[in-house]
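Listed here are the chains, written in short residue letters.
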Amino acid sequence: MSAVLPAGQATRGDQASRLGLWFFAGTSFLLVTMAILAPLLAPHDPNGGDVLQVLQPSSAEHWLGTDASGRDLFSRLLYGSRTALLGPLVVVLVATTAGTALGILAAWRRDWVDSLVGRLFDLVFSFPSMLLALLFVAVMSPGLITAALAVSIAFIPAIGRLVRASALREVNEPYVQALLTQGFGSFYICSRHVLPNLWPVILAQVTTSFGYAMVELAGISFLGLGVQEPTADWGKLIQTGQGSIVRGYPQESLYAGTALVIAVVCFISLGDILATRKNGGHR
Amino acid sequence: MAVIDPSVVRPLPRHAIAVVLDVIGRVGQMAATLLVASFLTFLFLQAAPGDPVQIMLGGRANDPDAVRRLNEQFGFEDPVLVQYWNWLTGFVHGDLGTSFLFREDVSSLVGSRLPTTALLVVFGSILVVVFGFALGLIAARSGRVVDTSVSVFLSIALATPSYVIAIVLITVFSLYLNWFPVFGSGDGFLDRLHHLTLPAITLALSSSAAMARVTRASIKEEEHRDHVTTAIARGLDRRTVLRRHVVRNSLLPITTVAGILVAALVAGTVIVEQAFGLDGLGSLLVLAITRKDYAVVQSVSILVIAAFLVANALVDLLYGIIDPRTRIGDNR
């Protein structure tokens, strides 16, 4: 999925990009703070239902109304941001670590290791990422961590290829040759000299991947194969809320969907801006 | 898609043998990928917890006679490689195994559900190509205001996952306006189309946005090329310049992306079918996964991967038609 999208228009002014950077970074920060402080901010127990308060509209008591089990939607939305952010965090950590290691290894060796890694990436790419995740969940039991690991595997090739391409440029620089001549080991050179130079590229990719991982994970939850009841999760809220739509109460799905889209737009745009700035700075 | 002048499609490339070899190579590579993918999937599903015999028998799991009979019938106690070989030979001959859940051949199960998914993908692909191209063209050719508003709309559409689009469309068009049914696939062709309209829009929306972005970018780029300026200077009217010079030259990147996007639609059906309660392959896969019906999971996954690979390969072949420079053998 992430391979499909073209980068943001490069014609944007520097000023606008700085403004966008601050705006999206601020909103992301706000989201993270909300997730961390959810227990303090939530007015109700996210899992405590009241059968007499089923499908209530917004009120002073329940700001966003209640769901089909009488649970406070605002609290569930707040708590949902925790799983919504935790899952992508796992994905990004696992996929970036593995992808970066494989990418640098492939660029450094340039021999059969490179082609083997390339073949592996191709193989993973031949599985649509959603299908790969579903197969993984089929074998393990459904849950947040299983789903996150599954999505990580699907994300490794995209990061790996990007890192390999950037690292290839880096390992041909004279400084690497100089370090080799001085007798430094490959691992030392890669981790202490090549890797730090790749950070800007990796950081931009990580931010964008975070947004896409959020979409994939919420999708798995939506299919009922990710986060399980009664834990609040945006994808899960969209799914459970679907039952209420036909009864005339689309609020649960719509609120969770809106929250998800805002978060995703934020992270993807932030990644785009970081990527454009990085390119602009270098040349 | 857009107009391709028939004179561009030459009957035979200069090195026909090279092309035939290339096609054979591609098919071979695809077959190899499928083989590896199917073997990995098979191994992976073998490692799944839960004994298939126990799942099949359900309450009668303690009957040793029934257990032995099922083991013999399905060969669960054979070595993994033998089981894989049996599955593979069956698959090649059109025998996709037996579903525990439906007590039915997977092939007939797939056959009954394929039309919904196929229609959905075709419908969605048409929407992606037509709307994506049209929107991109409009954005590229309009003034700043239209361009910016289209771009903002595209960014939002691009970042909105299909399940969110589904609930918004259901709420607006099914609940409030009552134009379309909420669930089901319908009977008869027109009724089916009616039932599949919202799902197809859902499936196509973010891909159309990606398509529109690429169309806009590549048309904008082409517009400022020297040959376009020359054409305008020669006094050709704008329409001709647009059609013959700008659009045709920007088709290559557009086709690439269109192909990737259409291929991605195949996998996207899983969520869309689930969201709209359609009885297609995607919802069958999800049901099979939750109920641990691994024979169905195995065969449907391989079919989805095959469709994905074929769609990607078709794009590569399209290149040669659209841009003669990429034809094999022509530029050697």
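Residues numbered from 1 in each chain as written. Chains lettered and ligands numbered in written order. Predicted model: local features only at pLDDT ≥ 70, side-chain atom pairs only at ≥ 80, totals over all residues.

For chain A, the helix and strand inventory stands at 10 helices and 0 strands. Overall, chain A shows an N-to-C arrangement of helices and strands of α-α-α-α-α-α-α-α-α-α. Evaluated residue by residue, chain A yields a buried proportion of 46% over its 283 residues. Summarising the internal contacts of chain A: among those between residues at least 6 apart in sequence, 71% fall at separations of at least 24. (Helix = DSSP H or I, 4+ residues; strand = E, 2+ residues; numbered from the N terminus. Buried ≥ 20, exposed ≤ 12 C-beta atoms within 10 Å, placed from the backbone. Contact = placed C-beta atoms within 7 Å.)

Time to look at the overall build of chain B. Counting secondary structure elements, chain B contains 12 helices and 2 strands. Secondary structure elements of chain B, listed N to C terminal, follow the sequence α-α-α-α-β-β-α-α-α-α-α-α-α-α. Residues classed as buried in chain B amount to 37% of the 332 residues present. Put simply, of all contacts in chain B between residues at least 6 apart along the chain, 73% involve residues at least 24 apart.

Time to look at the interface of chain B and chain A. In this complex, chain B contributes 43 residues to the contact, which on the side of chain A involves 36 residues. Going through the elements one at a time, α1 (16-46), α6 (144-159), α7 (162-176), α8 (189-223), α10 (238-276), α11 (281-290) and α12 (294-322) of chain B are the ones with two or more residues in the side of chain B that touches chain A. Take the side of chain B that touches chain A: its biggest share by element is 8 residues, from α10 of chain B. Within the side of chain B that touches chain A, the residues separate by chemical class into 35 nonpolar, 7 polar and 1 charged. (Nonpolar A, V, L, I, M, F, W, Y, C, P; charged D, E, K, R; others polar.)

Residues and elements named next belong to chain B. Across the interface, α8 lies against α10 with an axial gap of 8 Å and an inter-helix angle of 165°. Here α8 lies roughly antiparallel to α10, going by the angle between them. Between α8 and α10 the crossing geometry is right-handed. When the residues that make up the contact of α8 with α10 are grouped by side-chain class, the tally is 19 nonpolar, 8 polar and 2 charged. (Axes fitted to C-alpha atoms, helices over the stretch in contact; angles between N-to-C directions. Parallel < 35°, antiparallel > 145°, perpendicular 65-115°, else oblique. Left-handed = near helix turned anticlockwise from the far one by under 90°.)

Residue and element names in this part refer to chain B. You can read the domains of chain B as domain 1 (14-104) and domain 2 (115-324). Each partner contributes residues to the interface: domain 1 has 21 residues there, and domain 2 has 17 residues. Mapped onto the side of domain 1 that touches domain 2, the elements with two or more residues apiece are α1, α2 (52-57), α4 (80-92) and β1 (98-99). Take the side of domain 1 that touches domain 2: its biggest share by element is 9 residues, from α1. (Domains from an automatic or database assignment.)

Residues and elements named next belong to chain B. Position of Ala258 among the secondary structure elements: in helix α10. With 130 residues separating them in the primary sequence, Ala258 and Val128 have C-alpha atoms 7.8 Å apart. Those residues in contact with Ala258 that sit more than four places away from it in its chain are Val128, Val129 and Met211.

Glancing now at helix α9 (residues 226-233) of chain B. In terms of residue burial, α9 of chain B counts as a barely covered element, since only 0 of its 8 residues are buried. Gly235 of chain B, located one to two residues past α9 of chain B, shows a positive phi value of around 90°.

To continue, consider α7 of chain B. Residue and element names in this part refer to chain B. End to end, α7 covers 20 Å across 15 residues, agreeing with the expected 21 Å (1.5 Å per residue, within 8%). Approximately 30° is the largest bend angle found in α7, and it occurs at Ile170. All buried positions along α7 are accounted for by Ser162, Tyr163, Val164, Ile165, Ala166, Ile167, Leu169, Ile170 and Thr171. Looking one or two residues past α7, Asn178 carries a phi angle of roughly 60°, positive in sign. (Expected span 1.5 Å × (residues − 1). Bend = angle between axes of the 7 residues up to and from the residue.)

Time to look at the nonpolar core. Counting residues in hydrophobic clusters, the biggest one holds 156 residues, and the most contacted among them are Ala133, Leu134, Val137, Val151, Met214 and Leu260 of chain A together with Leu285 of chain B. Counting residues per element, this core draws most heavily on α10 of chain B, at 19 residues. Inspection of this core shows a minimum of three residues originating in each of domain 1 (14-104) and domain 2 (115-324) of chain B. Not counting chain neighbours up to four residues away, the residues in contact with Leu285 of chain B comprise Leu134 of chain A together with Val270, Val297 and Val300 of chain B. (Core = buried A, V, L, I, M, F, W, Y, C linked by C-beta atoms within 7 Å.)

A separate point is the confidence of the model for chain B. All names here are of chain B. Of all residues in chain B, 86% have pLDDT values of 70 or greater, and the mean over the chain is 79. The least confident element of chain B, judged by mean pLDDT, is α2 at 68; the most confident is helix α5 (residues 106-141) at 87. For this predicted complex, the interface confidence score (ipTM) comes to 0.78, while the overall pTM stands at 0.79. (pLDDT = per-residue confidence, 0-100.)

As a further point, take the packing of α7 of chain B against α8 of chain B. Residues and elements named next belong to chain B. Where α7 meets α8, the axes come as close as 9 Å, and the angle between the chain directions of the two elements is 140°. Classified by the angle between their axes, α7 and α8 sit oblique to one another. The chirality of how α7 crosses α8 is right-handed. Here Ser162, Ile165, Ala166, Leu169, Ile170 and Phe173 of α7 come into contact with α8, specifically with Leu198, Ile201, Thr202, Leu203, Leu205 and Ser206. Per-class residue counts for the contact of α7 with α8 are 9 nonpolar, 3 polar and no charged.

Within the secondary structure layout, Val215 of chain A lies in helix α8 (residues 186-222). Separated by 40 residues in the primary sequence, Val215 of chain A and Tyr255 of chain A have C-alpha atoms spaced 15 Å apart. If sequence neighbours within four positions are ignored, Val215 of chain A has contacts with Val264 of chain A together with Pro161 of chain B.

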